[in-house]
Amino acid sequence: MRGLGAFGGLAGLLVALLLLPTACTAGVGARDAAGWFEAEPDGLSTSGVPQRSKILAADGTTIATFFYQNRVDVPLEKIAPVVRQAVLAIEDSRFYEHGAIDAQGTLRALASNLSSGQVTQGGSGITQQYVKNLLLTQADSDAERREAREVSAARKIRELKYAVALEKKFSKDEILRRYLNIAYYGDGAYGVEAASRHYFSKHASQLTLPEAALLAGVVRYPYAYDPIRHPGAARERRDTVLTRMAELGWIDQAKADEAKREPLKLDVDNVRSGCVTSKAPFFCDYVQREILTDPVFGKTQLDREKLLKRGGLTIRTTLDRRAQKAAQRAVDGHVPPKNSAHKAAAEAMVEPGTGEIKAMAVDRRLGPDRDRGKTWINFAADASHGSSIGMQAGSTFKAFTLAAALDEGLPFGTRLMAPRAYTPVGYRNCDGDRVGDPSASLRNSADGEGGKQFSLVTGTHHSVNTFFLALEKKVGLCDTVRMAERLGMKQANGKALEQYPSFTLGFNPVSPLRLAAAYAAFGARGRYCEPVAIREIRDASGHRLKVPGRHCEQALDEGVADAVNYVLRGVLTKGTARGMGLGRDAAGKTGTVDNFSAAWFAGYTPDLAAAVWVGDPRGGYKHPMENLCMDGRCYGAVFGATIPAPIWQQSMLGALSHTDPTSFHRPPSHFFSRGSGEDRAKVPDVRGMKPSEAVARLRAAGFKARVGAPVESRRFPKGTVAGMSPTSAEPGDTITLHISKGAKRKQDKQRRGGGLPTGPVVPAPGDPAQQAPA
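This structure is a prediction, so every number in the text was calculated from the model and none was measured.

Draft legend 1. Quick look at the overall build of the chain. Secondary structure summary: the chain contains 26 helices and 32 strands in total. Counting over 774 residues, the chain shows a buried share of 53%. When contacts within the chain are restricted to residue pairs at least 6 apart in sequence, those whose partners lie at least 24 apart make up 71%. Total accessible area on the chain stands at roughly 33300 Å², and carbon and sulfur atoms take up 49% of it.

Structure (structure tokens):
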């Protein structure tokens, strides 16, 4: 029977007899079948079976698994020998002795078929069973699946023809390997490796005799012998396999009896397909949508879905598990998933200089919105990757106006009047059209102020709306818009940013991910990178697939970015988000949307950037965060520093806990041509102090100190500070100290004829010039 060349005639005869009486109606005679069997078959691909794909975090841990069929293809050497023996014992004990068709098994089935007048037994060996499973696996339509399952002469003949061809093409070991990897083992487990992991939480190479016998017994009727649903039937079937193995002499009877005494000992591991059960569900969903929407992964969406769910892909991503855990804990802690106010929060984290998405968190579980605490919408991403239409960004957009001003060379000390109300006229968009409303009156939000002059620095620290409207007009609306676009900003729906005077106040709806990537460019000294989630994809054979490329460019000069960082770091120390620092160089900007409809914070270090949104999915203007009480805690009105900034601070501290601090660079000197931009302050009076005490006092007040020429003083003892200048300065300025030499001796004065002292002296108390050395 091994000689397939001589097997054609006998095969034709066996097929004709086997299928009586139905074979005659199929129009296939024994002599025709013999010749037909020798022809090469068409229409059967043996390139591989569907395998599950997995998404991995940056450290290699699994984030999620995707599959139509939960299958992991493994080589024969990774399947325990006892598993192979158990399957062969119960399914095809003569597999290595016969060809494509087991004559004995076929004739045994023949007797049953002739007596009943229909095909009641197939006598199918391993090769035929593999063919049947392969045809079913490759069926794409319901019609193809019905054809693969139907009990008919035509299907049986087709399977036998394919079996003969496969025996010519592959070795027995390879056919057995393919069969073990394609067979269904019940409860959603396809292939012996997936079944082993599912039922016993171990690899197929580690299975024991009773475990192997259990899986071998399931294959014939996977639903009836499912050990989870029908443990009694499964155990009985297992024992049948053990008995058969002993009958064949493949194990001794004592070992079989010992195995029969073992309980089933299941250790079930349920692998779910998709992102719902992932620990990073919204990042997982982002990656899934990236694959399903990008033509680089297939011409049609169906092709891309097949690749993801059947291709056995290993998708290595940029996700940092520490950052993800920190972000999820922060958003859930400040805005619980089922909070009483129905508010929501989302955060995206991006690495400066690479654009790699390190974390993506939403304070919801992935699922239907009708279930409280769940949503299918990824509030952290754009519509193309999360179905979100975006949220107005508020004052976080002022950073782009600031960057545009600095890009045009305006120094920190540039001062503009910020009225309490501003009429937006005199603006032109990038088409040159006038935009603005003479009847409108834009005012300062609650997290800003007005009615006086501000510098680039102080206007930013205090987030003064009317100052930024004036600055945007000075710089040009179009230049401000172009700066935001250079940093990757666009509306969450994919459309270009709209251009009106209130652009700088952030009326455009955007996503946290876009905003985080833009701010990451500041941390990377002006290098902007498109957000990227996928590092590498390999197919089931280990070959690398093409993935979307990384797109980075120098969006603004390094010195300009350094200047932006210099200004925005003050927001965390003396501005609207003071107290939200990280204990390392960091910068950021608050954002509060009109009528408290939403709140934002976007911030960064040279190592990591993040943007946080807090709002109401039902509509921010309809459900504003004014007088907000949530789960027993009341906030009053919610600003960018009220909830978003604490989320940012907590998540960043966690994400960077194992990262050494990196410092910002000092801005070029020309930005200081009009001073530091800080408000001038009165210098503490340190006269009469010892020099070391005076220097410490000045440094504590934010000033630097140097020692100038010593002076004579009748008031201040020798060795103490007798004079200082200037007496009014910006924080960071240098104060010169003059140390007392003591009073001039009378005899020195008499030797010079009683003239006036020639060296500098300190005026007596009460003198109008007493704050400066004489």
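From this point on, the discussion continues.
Draft legend 2. Molecular detail of the pairing of strand 1 (residues 53-56). Where strand 1 lies against strand 2 (residues 62-66), four bridges are found, and the strand directions are antiparallel. From the neighbouring strand, Leu56 faces strand 2, where its bridge partner is Thr62. Hairpin connection of strand 1 to strand 2: five residues between the antiparallel strands, including Gly60 at a positive phi of 95°. Alignment of strand 1 against strand 5 (residues 314-317), held across three bridges, turns out to be parallel. What sits directly across from Leu56, in strand 5, is Arg316.

Draft legend 3. Up close: a nonpolar patch on the surface. There is a patch of nonpolar side chains on the surface, built from Ile228, Leu266 and Val268 and spanning about 200 Å² of accessible area. Classification of Ile228 as partly exposed rests on a relative accessible area of 35%.

Draft legend 4. Highlighting the state of the cysteines. One pass over the structure, following the stated rule, counts four disulfides. Across the disulfide, Cys430 is cross-linked to Cys478 (sulfur-sulfur distance 2.2 Å). Where Cys430 bonds to Cys478 through sulfur, the torsion about that S-S bond is close to 110°, and the disulfide is right-handed. You can see Cys430 sitting in the loop between strand 13 (427-428) and strand 14 (434-435) and its partner Cys478 sitting in helix 21 (residues 477-486), a full 48 residues away along the chain. In this structure Cys430 comes out as partly exposed when scored by relative accessible area, which is 21%. Disulfide partners in the chain, listed by the sequence order of the bonded cysteines, are 1-2, 3-4, 5-6, 7-8.

Draft legend 5. Layout of the packing of aromatic side chains. Within this structure, the stated rule accounts for 20 aromatic pairs. Seen from their ring centres, Phe412 and Tyr566 are 4.5 Å apart, and the 25° between their planes marks the pair as stacked. Note that Phe412 is positioned in the loop between helix 18 (398-407) and strand 11 (415-418) and Tyr566 in helix 23 (residues 558-573), a separation of 154 residues in sequence. According to the relative accessible area criterion, Phe412 is buried, its value standing at 0%. The rings of Phe397, Phe400, Phe503, Tyr519, Phe522, Tyr604 and Phe664 are connected pair by pair, giving a single aromatic cluster.

Draft legend 6. Quick look at the layout of surface pockets. Taken as a whole, the second largest pocket spans an internal volume of roughly 970 Å³. Forming the boundary of the second largest pocket are 37 residues, of which Thr61, Thr62, Ile63, Ala64 and Thr65 lie nearest the centre. When contributions to the lining of the second largest pocket are tallied by element, the ones reaching two or more residues are strand 2, helix 10 (192-200) and helix 16 (321-334). Sorting elements by how many residues they give to the lining of the second largest pocket places helix 16 first, with five residues. Split into classes, the residues belonging to the lining of the second largest pocket amount to ten nonpolar, 14 polar and 13 charged.

Draft legend 7. Expanded view of the pattern of salt bridges. In the structure shown here, the tally under the stated rule is 37 salt bridges. Notably, a salt bridge pairs Arg289 with Asp285, separated by 2.7 Å at the nearest N-O pair. With Arg289 and Asp285 both in helix 14 (residues 281-293) and four residues apart, the pair spans about one turn of that helix. Judged by its relative accessible area of 22%, Arg289 falls in the partly exposed class. Owing to a relative accessible area of 7%, Asp285 belongs among the buried residues under this scheme. Glu305 serves as the salt-bridge partner of Lys309, at 3.4 Å between the closest nitrogen and oxygen. Placement of the pair is Lys309 and Glu305 together in helix 15 (residues 301-310), with a separation of four residues, close to one helical turn. What you see here is one network of salt bridges that share partners, running through Asp73, Glu174, Arg177 and Arg178.

Draft legend 8. Representation of helix 18 within the structure. Of all ten residues that make up helix 18, nine are buried, and the element is covered over most of its length. Buried residues of helix 18: Lys398, Ala399, Phe400, Thr401, Leu402, Ala403, Ala404, Ala405 and Leu406, and no others. In this structure, the buried residues of helix 18 make contact with helix 19 (456-461), helix 20 (465-475), helix 21, helix 22 (512-523), helix 23 and strand 21 (587-592). One or two steps after helix 18, the chain reaches Gly409, where phi turns positive at roughly 90°.

Draft legend 9. How the structure looks around the sheet that holds strand 5. As summarised here, the arrangement of the four strands in space is 2-1-5-19, forming an open sheet in which the pairing is mixed. Looking at the sheet topology across the chains shown, the edges are occupied by strand 2 and strand 19 (534-538). The sheet shows a mean angle of 15° between the axes of neighbouring strands, direction not considered. As defined by bridge partners, strand 5 adjoins strand 19 across four bridges and the pair is classed as antiparallel. Within strand 19, the residue paired with Ile315 across the bridge is Ile537. Each of strand 1, strand 2, strand 5 and strand 19 touches helix 14; the most contacted strand, strand 2, lies at about 45° to it.

Draft legend 10. Focus on the nonpolar core. In this structure, Phe400, Leu487, Phe522 and Leu568 are the most contacted members of the largest nonpolar core, which totals 135 residues. No other element matches helix 22, which puts nine residues into this core. Once residues lying within four places of it in the same chain are set aside, the contact partners of Leu568 are Ala399, Leu402, Thr460, Tyr519, Phe522, Ala587, Gly588, Lys589 and Tyr604. If you look at the next biggest cluster of nonpolar residues, it comprises 59 residues, including Leu166, Ile182, Ala216 and Ala259.

Draft legend 11. Layout of unusual backbone geometry. Of note, the amide linkage connecting Ser725 to Pro726 takes the cis form, showing an omega dihedral of -5°. The residue Pro726 is located in the loop between strand 29 (721-725) and strand 30 (728-729) in this model. One non-glycine residue, Ser463, adopts positive backbone phi at about 50°. Positionally, Ser463 belongs in the loop between helix 19 and helix 20.

Thresholds, definitions, all that
- Residue positions are counted from 1 within each chain, in the order its sequence is given.
- Confidence filtering applies because this is a predicted model: local features only for residues at pLDDT of at least 70, side-chain atom pairs given and counted only at 80 or more, and all residues used for totals across whole chains, interfaces and linings.
- Side-chain measures here rest on the full set of heavy atoms in the structure, leaving out hydrogens and waters.
- Only DSSP runs of H or I covering at least 4 residues are called helices, and only runs of E covering at least 2 are called strands; the numbering of each starts at the N terminus.
- Exposure is judged per residue with a 1.4 Å probe applied to protein chains only, and the accessible area is read against the type maximum: over 50% gives exposed, under 20% gives buried, and values in between give partly exposed.
- Two residues form a contact once any of their heavy atoms are found within 4.5 Å.
- To measure how exposed things are, a 1.4 Å probe is used in the Shrake-Rupley method; for residues, cover is taken only from the protein chains shown.
- At least two DSSP bridges between two strands are required for those strands to pair.
- The patches reported here contain residues having more than 30% relative accessible area and no salt bridge. Joining distances are 9 Å for like charges and 5 Å for nonpolar side chains (Val, Leu, Ile, Met, Phe, Trp, Tyr).
- In the sections that follow, a salt bridge refers to a side-chain nitrogen of Lys or Arg positioned within 4 Å of a carboxyl oxygen of Asp or Glu.
- In what follows, a disulfide is any cysteine sulfur pair within 2.5 Å.
- Here is the rule: rings of Phe, Tyr and Trp (six-membered ring for Trp) pair when centre to centre is within 6.5 Å. Planes less than 30 degrees apart are stacked, more than 60 are edge-to-face, and the remainder are tilted.
- The distinction between a cavity and a pocket rests on a 1 Å grid over the protein atoms alone: a 1.4 Å probe fits inside a cavity but cannot get out, while a pocket stays open yet meets protein on both sides within 12 Å along at least five of seven lines, and a residue with an atom within 4 Å of a point counts as lining.
- Grid points are joined across faces, edges and corners, and a volume is the space filled by probe spheres set on the points.
- Amino acids are sorted into nonpolar (Ala, Val, Leu, Ile, Met, Phe, Trp, Tyr, Cys and Pro), charged (Asp, Glu, Lys and Arg) and polar (every other residue, Gly among them).
- Interaxial angles span 0 to 180 degrees and are taken between N-to-C directions of axes, which are lines fitted to C-alpha atoms, for helices over the stretch in contact.
- Nine residue types can take part in a nonpolar core, namely buried Ala, Val, Leu, Ile, Met, Phe, Trp, Tyr and Cys, and a core is a set of them joined through side-chain atoms within 4.5 Å.

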